[in-house]
Amino acid sequence: MKKLMLFAVCSSLILSSCFESGKKESKNENQESTEDKSALCVIKNVDDDVSQCEDGQLLVFLPNSWGNDQLPIIVAALYCNFDYSVVYNNGGVVCKLDKKRWEKRVEAAKKNQQNQQK
């Protein structure tokens, strides 16, 4: 039941994103095509590398185990652009990727690792 609900939420978010992208393209033909951003960026762990994903692409967090109410909130805080809708429950997160937010997290982790080595 939960998987079906998550699938329905993901599908509706994808469709609404495509509709929104279509409206933006009709206003400005010089924008890059939405075909490049149509693929999902799927991660299963908080530490997954999203360098292959594009900024603004739909990020789907689907953890291997369900039931942790805090983990989706942490993922949203680390990866999501809050100018757009963020859909989450204890089974996952769907949002637009904010790559700048993720890059700041990577830099902070590197600094923390350097400080621990000293």
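Each remark here, short or long, concerns the structure printed above.
Procedures and definitions
Residues numbered from 1 in each chain as written. Predicted model: local features only at pLDDT ≥ 70, side-chain atom pairs only at ≥ 80, totals over all residues. Heavy atoms only, no water. Pairing = 2+ DSSP bridges. Helix = DSSP H or I, 4+ residues; strand = E, 2+ residues; numbered from the N terminus. Axes fitted to C-alpha atoms, helices over the stretch in contact; angles between N-to-C directions. Contact = heavy atoms within 4.5 Å.

Asker: Please explain the sheet that holds strand E2 (residues 58-61) as it appears in this structure.
Answerer: Adjacent strands of a sheet pair through backbone hydrogen bonds, lying either parallel or antiparallel. With mixed pairing, the four strands of this open sheet are ordered in space as E1-E2-E4-E3. The open sheet is flanked by strand E1 (41-43) and strand E3 (87-89), the only strands paired with a single partner. Pairwise comparison of adjacent strand axes, ignoring direction, gives a mean angle of 15° for this sheet. The pairing of E1 with E2 spans three bridges and is classified as parallel. The residue bridging Cys41 from the neighbouring strand is Leu59, located in E2. Here helix H2 (residues 71-79) sits on the sheet in contact with E1, E2, E3 and strand E4 (92-96), set at roughly 20° to E4.

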